[in-house]
Amino acid sequence: MLGADISGATEMESKGEKLYNYLGEERDAFTLMHEMGLNAVRLRVWVNPEKHGNWCGKDDVLAQAKRAQALGMDIMIDFHYSDWWADPAKQNIPAAWEKHKYKQMLTDLSAHTVEVLTLLKANGISVKWVQVGNETSNGMLWSVKTDPVSGWEIKDENGNTTITHSMGHIERNPSQYAGFFKAGYEAVKSVYPEAKVIVHLDKGHSNSLYNRNLDILKAGGAKWDIIGMSLYPYWSRKYEAAAPRLFAECMRNIKSLVKKYGTDVMIVETGFEVNEKEPWVMETGREQLSELIRLCKQTTDNHCLGIFYWEPICRPNRYKLGAFTAEGRPTSIMRAMTTAAINSQLQIPNNKDRHIKYDRPIIKLETTQGDIVMELYNETPKHRDNFINIVERGILDSTLFHRVMSNFMIQGGDPSSKTAEETIAAFPAQQLGYTSALNEKGDEYTVPAEILYPQFFNKRGAVGAARDGDETNPERASSSSQFYIAWGKWPTTRKAGSKEEPLPYYREPMQAGVPYLDNAYTVFGEVIDGLDVVDKIQRLRTDEYSRPITDVRITKARVINDYR
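Residues numbered from 1 in each chain as written. Predicted model: local features only at pLDDT ≥ 70, side-chain atom pairs only at ≥ 80, totals over all residues. Heavy atoms only, no water.

Undergrad: Now, about unusual backbone geometry: what can you tell me, with residues and values included?
TA: Note that the residue after tyrosine 453, namely proline 454, is joined by a cis bond; omega there is 10°. Mapped onto the secondary structure, proline 454 falls in the loop between β17 (446-447) and β18 (462-465). A cis geometry characterises the amide bond from tryptophan 490 onward to proline 491, with omega recorded as 0°. Assignment of secondary structure puts proline 491 in the loop between β20 (483-486) and β21 (523-529). Positive phi is not limited to glycine here, since tyrosine 81 has a value of about 50°. Looking at the element boundaries, tyrosine 81 is found in the loop between β5 (74-79) and α4 (102-122). Despite not being glycine, leucine 141 shows a phi value in the positive range, around 60°. Take leucine 141: it is sitting in the loop between β6 (129-132) and β7 (143-144). (Helix = DSSP H or I, 4+ residues; strand = E, 2+ residues; numbered from the N terminus.)

Undergrad: So, the nonpolar core: which residues are in play, and what are the values?
TA: Among the nonpolar cores identified, the biggest contains 107 residues, and Met33 and Leu120 are the most heavily contacted of them. The dominant element in this core, judged by the number of residues it contributes, is helix α8 (residues 243-261), at nine residues. Once you skip the residues sitting within four places of it in the chain, methionine 33 turns out to touch Ala4, Ile6, Leu38, Met73, Pro312, Ile313, Phe324 and Met334. Ranked by size, the runner-up nonpolar core spans 30 residues in total, among them Ile372, Val391, Ile395 and Ile485. (Core = buried A, V, L, I, M, F, W, Y, C linked by side-chain atoms within 4.5 Å. Buried < 20%, exposed > 50% of the residue type's maximum accessible area, 1.4 Å probe, protein only. Contact = heavy atoms within 4.5 Å.)

Undergrad: Any chance you could break down the environment of leucine 62 for me, citing the residues and the numbers?
TA: Checked against the element boundaries, leucine 62 lands in helix α3 (residues 58-70). The exposure class of leucine 62 is buried, given its relative accessible area of 9%. On a C-alpha basis, the gap between leucine 62 and glycine 139 in space is 27 Å, while along the polypeptide they are 77 residues apart.

Undergrad: Go over the packing of aromatic side chains with me, naming the residues and quoting the values.
TA: All chains considered together, the criterion is met by 21 aromatic pairs. Considering the side-chain rings of tyrosine 102 and phenylalanine 180, the 5.3 Å spacing of their centres and the 65° angle between planes classify their relative orientation as edge-to-face. Placement of the pair is tyrosine 102 in helix α4 and phenylalanine 180 in helix α5 (residues 174-191), with a sequence separation of 78 residues. The class of phenylalanine 180 is buried, set by a relative accessible area of 0%. One cation-aromatic arrangement involves lysine 121 over tyrosine 192; the distance from NZ or CZ to the ring centre is 5.6 Å. Directly above the ring of tyrosine 521 sits arginine 467, whose terminal nitrogen or CZ lies 4.3 Å from the centroid. (Phe/Tyr/Trp six-rings, centres within 6.5 Å; stacked < 30°, edge-to-face > 60°. Lys NZ or Arg CZ within 6 Å of the ring centre and 35° of its normal.)

Undergrad: Just give me the short version of the sheet that holds β5, but keep the residues and values in it.
TA: Sheet strands associate in pairs through backbone hydrogen bonding, adopting either a parallel or an antiparallel arrangement. Read around the barrel, eight strands follow the order β1-β4-β5-β6-β9-β10-β11-β12 and close on themselves; strand pairing throughout is parallel. Between one strand axis and the next, the sheet turns through 25° on average, direction left out of account. Direction of pairing for strand β10 (residues 226-231) relative to strand β11 (residues 264-270): parallel, over a ladder of six bridges. Residue pairing for β11: methionine 229 is matched across the bridge by isoleucine 267. α4 contacts β4 (40-45), β5 and β6 of the sheet and is inclined by roughly 155° relative to β5. (Pairing = 2+ DSSP bridges. Axes fitted to C-alpha atoms, helices over the stretch in contact; angles between N-to-C directions.)

Undergrad: If you had to explain the pattern of salt bridges to someone new, which residues and values would you point to?
TA: Under the definition given, this model contains 36 salt bridges. When the shortest N-O distance is used, the salt bridge between aspartate 225 and lysine 189 registers 2.9 Å. A residue pair is termed long-range when its members are at least 10 positions apart, and aspartate 225 in the loop between α6 (207-219) and β10 and lysine 189 in helix α5 qualify at 36 residues. Note that aspartate 215 is salt-bridged to lysine 260, the shortest N-O span being 3.2 Å. Here aspartate 215, found in helix α6, pairs with lysine 260, found in helix α8; they are 45 residues apart in sequence, far enough to count as distant. Lysine 260 sits in the partly exposed class, given a relative accessible area of 39%. Salt bridges here are not isolated pairs; linked through shared partners, they connect Glu283, Arg286, Glu287, Arg360, Glu375, Lys459 and Glu526. (Salt bridge = Lys/Arg side-chain N within 4 Å of Asp/Glu carboxyl O.)

In structure tokens form, the structure reads like this:
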């Protein structure tokens, strides 16, 4: 499942805030998520949000659920059991329940759950998942001191809050926390017996937190169907771990929890930083989200059922971990979701589902080492159109990746390599020449440079155009057929003698690349699936000319999507 929490959509619409798809066309939030390839939405529920415009009350949730279901999207309902935000730092008891004793509050929680879900069911809404509580790492239905006007918690000079009501606090009343969850579970099943109930905690990488919390629930007789996790590299990096370590610990935690408790897991919240002044920040977010999706799909034995992005449509001046610009346009971060959806569709033979709208052409290279899928940038139109042209003409079919350098890059696309003698039979090998595609007149041609640095740079997986050196090619015009896929290593190094500092992007762990090619070659696309294949190729044994001893051929190049 690829989903998003867009509970704030109706409030944003009431303020006249617009959203646009990759093509720049205006869309409402639900249609937009659907076009981006997402197949599920998450909607939060507050008990009585009258002081906050009644947004995320039961009627607002119903209106939004109808819109999602009309598009065929699955629905997750997230009960906060509060009149406003509930999270690990606060689980403020609804005002109407505040003076109730434990047994009465069990009834309150159950009645509220049944009321909301019954309203949805009566209106024909299919609910697939229900969260009983939101980030209940420290329990639920316990209050902290809050500002009477804003509703936000009041912290002392040390940044701590004061607990004013500890009814379901996990430290002070663990059995009552378990009792609340049990009541919520039973209430959900009484209305939607087939819905999966989720227990949702934060810090998805913390095995100790999950074991402690879930053990308390289990000891109290509570049950759940799915373990929901929040996982935010941004917040964890500030306090605990960098993204690669965070992801590795989360995957270990998932496997451990599945083995111990026998239930599946979902990442029900994640998010990455938006900084429009530094576009490489969103590139980092895209790659980290892509890596998280890959790990969840490939390393959890299918026990991680999906990933939900939290409030991607939120403007960055209000929340820095959304995924849209201040103007309401998707940043590069959202491309991780869309390309994951597209890559999933590529696994379905003769798939004809064309509802996904994407602005970048997608090319699939079928090679003797596996498939590589890449997207082309519209901002480099001459290279984009040329590459599509040579793919459609079959220029790349049967060509070699003839130049392969470990921890650097792989290069291919030389038409003369179609008939090159097998390396293994001709060792030591001949060096291939530098041949480009031919135009209609039968002459070789080049493509004018379109170097857009720092917007596009030689991060790992970048697709760039090969070219002759500056001595004979001062305009830095590109080969019409030869291209490379950057690999590099981390930590990166700059070219000897260079005074130019690499982009801050390269300082992030996991963000490898070849910075000394930046601002010198046209980067016109990037790999969106098959980096493992690129890795396998760049590790191959080569001869003295960097040609693999065992030939690697592009057996077929195809245009998968062309939205030009």
